[in-house]
Amino acid sequence: MLQQTMTHAVLITGFVFMMMLIIEYLNVLSRGVWQSGLRGGRWRQYFLAAFLGATPGCLGAFAVVSLYLHREVSLGALVVAMVATSGDESFVMLSLIPQKAAIVFVLLFVVGIAAGYFTDALFGKQPADPVIGHNTFNVHGQEICHCFPWGNLRRQWRHCSSARGVLGCTLLLFVFAVCCGQLGPANWNWLRVTLVVLALVGFFIVATVPDHFLEEHLWNHVVKDHVPKVFLWTFGALLLMSILVDSLHLEGWIQNNQLIILMIACLVGLIPESGPHLLFLTLFVEGTIPFSIFMASSIVQDGHGMLPLLAESRRDFLKVKAINFAVGILTGFTGYTLGW
């Protein structure tokens, strides 16, 4: 059981790591253009905030928080983004349930826009926290990156940094393990091909980006900040699931007390951290909880996208979390009543 759990956790973490590399790369290449699109009319803010929130990872959520802290988007737009986002768990969802994940993202997009509209209708005229707009907070500043320095490629590898060497070797070992069947499916199928392609794209990024981008964005941000947390939470959730179902045989109790699990899932979603949601994702994948509870958990939790707001305005942090909790409970209870 322990070896299988470890292998599964390594595979999921590898997938998440490669997706993060690619999205971080595309984000810097875009030079923050997608953030400037949020500055516009109310409905434009809603749709772009929902899109950024639904984008896997924390970057989209951070962008909306940053603009809200500078009073450039409404509270409703912030709620839209936080309902739509699933943080780093989005990557895990794509690795475990890719087809259902797409449905979840679309539903979160729609629910987020509705929640944002009603939020502005109810609170739009109330003053924001006075601390907002009087700070120089910036989450992800715009940065120009010459991400394919053709003339410097030979020099970069001749004086290869430890970060480039470790990441490059790790990605090549991942490709070898997947091709040999040590990780992932035993036979060649779309999943194995996808894993190999992602790893090769990740290796291309690691091999070609300049040292500054590699150190600051890939090594310090993705590897040091995200990967250890993703692995530990994933391994812990899978191990706990195995204990609950295989050892303690609590699957029946969970299925017979769905409303209690719904409340617990929404309460856990209040934690501003990536990871706790993985327990309910695992329960859903195993068929222990229905889609409605998993959807409610996805609505309330927002990865660590809200941490910058918590640092600047506790009042608005609590307000957004309370709104998300109410939307999650309402959606989950309605879905449970309807039998989905």
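Definitions and cut-offs
- Residues numbered from 1 in each chain as written.
- Predicted model: local features only at pLDDT ≥ 70, side-chain atom pairs only at ≥ 80, totals over all residues.
- Heavy atoms only, no water.
- Helix = DSSP H or I, 4+ residues; strand = E, 2+ residues; numbered from the N terminus.
- Buried < 20%, exposed > 50% of the residue type's maximum accessible area, 1.4 Å probe, protein only.
- Contact = heavy atoms within 4.5 Å.
- Salt bridge = Lys/Arg side-chain N within 4 Å of Asp/Glu carboxyl O.
- Core = buried A, V, L, I, M, F, W, Y, C linked by side-chain atoms within 4.5 Å.
- 1 Å grid on protein atoms, 1.4 Å probe; cavity = no way out; pocket = protein on both sides within 12 Å on 5 of 7 lines; lining within 4 Å.
- Points joined across faces, edges and corners; volume = space filled by probe spheres on them.
- Nonpolar A, V, L, I, M, F, W, Y, C, P; charged D, E, K, R; others polar.
- Axes fitted to C-alpha atoms, helices over the stretch in contact; angles between N-to-C directions.
- Parallel < 35°, antiparallel > 145°, perpendicular 65-115°, else oblique.
- Left-handed = near helix turned anticlockwise from the far one by under 90°.
- Phe/Tyr/Trp six-rings, centres within 6.5 Å; stacked < 30°, edge-to-face > 60°.
- Lys NZ or Arg CZ within 6 Å of the ring centre and 35° of its normal.
- Disulfide = S-S within 2.5 Å.

Engineer: Report on the overall build of the protein chain, specifying residues and quantitative values.
Structural biologist: If you tally the helices and strands in the protein chain, you get 17 helices and zero strands. The 340 residues of the protein chain split such that 53% are buried. In the protein chain, 82% of the contacts between residues at least 6 apart in sequence involve partners at least 24 apart.

Engineer: Which residues make up the pattern of salt bridges, and what values go with them?
Structural biologist: Across all of its chains, the model carries five salt bridges by this definition. R42 is paired through a salt bridge with D120; the nearest N and O atoms lie 3.2 Å apart. Taken together, the residues R42 in helix α3 (residues 42-54) and D120 in helix α7 (residues 98-123) connect sequence positions 78 residues apart. Using a relative accessible area of 42% as the deciding quantity, one classes R42 as partly exposed. We note a salt bridge from D316 to K319, for which the minimum N-O separation is 4.0 Å. Remark: K319 and D316 occur in helix α17 (residues 314-338); sequence separation between them is three residues, near one turn of the helix.

Engineer: How would you summarise the environment of I264 if you had to cite specific residues and measurements?
Structural biologist: Relative to the assigned elements, I264 resides in helix α13 (residues 258-269). Residues I264 and S297 lie 33 residues apart in sequence; the distance between their C-alpha atoms is 9.0 Å.

Engineer: I'd like a rundown of helix α5 (residues 75-84), residues and numbers included.
Structural biologist: Among the 10 residues in α5, 10 count as buried, and that is most of the element. Looking at the packing, one finds that the buried side of α5 touches α3, α4 (59-69), α7, α15 (291-300), α16 (307-312) and α17.

Engineer: I'd like a description of α4, backed by residues and values.
Structural biologist: Burial analysis of α4 places 11 of its 11 residues in the buried class, the great majority of the element. Of all the residues in α4, the buried ones are L59, G60, A61, F62, A63, V64, V65, S66, L67, Y68 and L69. R71, located one to two residues past α4, shows a positive phi value of around 60°.

Engineer: Pulling in residues and values, what's your account of the nonpolar core?
Structural biologist: Counting 96 residues, the largest nonpolar core has F17, L78, L218, I289 and L309 as the members making the most contacts within it. Here this core gets 14 residues from one element, more than from any other, and that element is helix α1 (residues 2-30). Discounting chain neighbours no more than four positions away, the residues touching I289 are I254, Q258, I261, F280, L283, F284 and F294.

Engineer: Can you lay out empty space enclosed by the protein for me, pointing to particular residues and giving the numbers?
Structural biologist: By the definition in use, this model includes four cavities of 30 Å³ or more. Within this model, the largest cavity holds a volume of roughly 80 Å³. Considering the residues around the largest cavity, the lining is formed by M20, I23, E24, P56, G57, C58, L59, D88, F91, H221, V222 and H226. Among the elements of the structure, α1 and α11 (211-247) are those that each provide at least two residues to the lining of the largest cavity. Among the residues forming the lining of the largest cavity, the class breakdown is seven nonpolar, three polar and two charged.

Engineer: I'd love a proper account of the packing of α5 against α17, names of residues and values included.
Structural biologist: Direction vectors running N to C along α5 and α17 enclose 55°, while the axes themselves pass 10 Å from each other. Classed by the angle they form, the pair α5 and α17 counts as oblique. Crossing hand, α5 versus α17: right-handed. Taken together, the residues of α17 that come into contact with α5 (itself represented by L75, L78, V79, M82 and V83) are K319, V320, I323 and N324. Taken together, the residues of the contact of α5 with α17 sort by class into seven nonpolar, one polar and one charged.

Engineer: Run through the packing of aromatic side chains, naming residues and quoting values.
Structural biologist: Applying the stated criterion across every chain, the model contains 10 aromatic pairs. Ring centres 6.4 Å apart and planes at 45° place the aromatic pair W43 and F47 in the tilted group. A residue pair is termed a helical-turn pair when its members lie 3 or 4 positions apart in one helix, as W43 and F47 do in helix α3 at four residues. Ring centres of F291 and W340 lie 5.8 Å apart, and the angle between their planes is 45°; on these two criteria the pair is classed as tilted. Here the residue F291 occupies a position in helix α15, and W340 occupies one in the segment after α17, the gap between them amounting to 49 residues. Look at W340 and you get partly exposed, because its relative accessible area is 35%. Ring pairs connect the aromatic residues W43, Y46, F47, F109, Y117 and F118, which therefore count as one cluster. It is R192 that lies over the ring of W188; its NZ or CZ is 4.7 Å from the centre.

Engineer: Tell me about the state of the cysteines, residues and numbers included.
Structural biologist: Applying the stated criterion to the full structure yields zero disulfides. The cysteine C160 is free of any disulfide, with C169 supplying the nearest cysteine sulfur at 7.8 Å. Judged by its relative accessible area of 33%, C160 falls in the partly exposed class.

Engineer: Before we move on, can you summarise the packing of α7 against α17 with the specific residues and values?
Structural biologist: It is the contact of α7 with α17, at a shortest axis distance of 11 Å, that shows an interaxial angle of 130°. Relative to α17, the element α7 lies oblique. For the crossing formed where α7 meets α17, the hand is right-handed. Across the interface between the two elements, V111, A115, T119 and F123 of α7 pack against I323, V327 and T331 of α17. Along the lines of polarity and charge, the residues of the contact of α7 with α17 split into five nonpolar, two polar and no charged.

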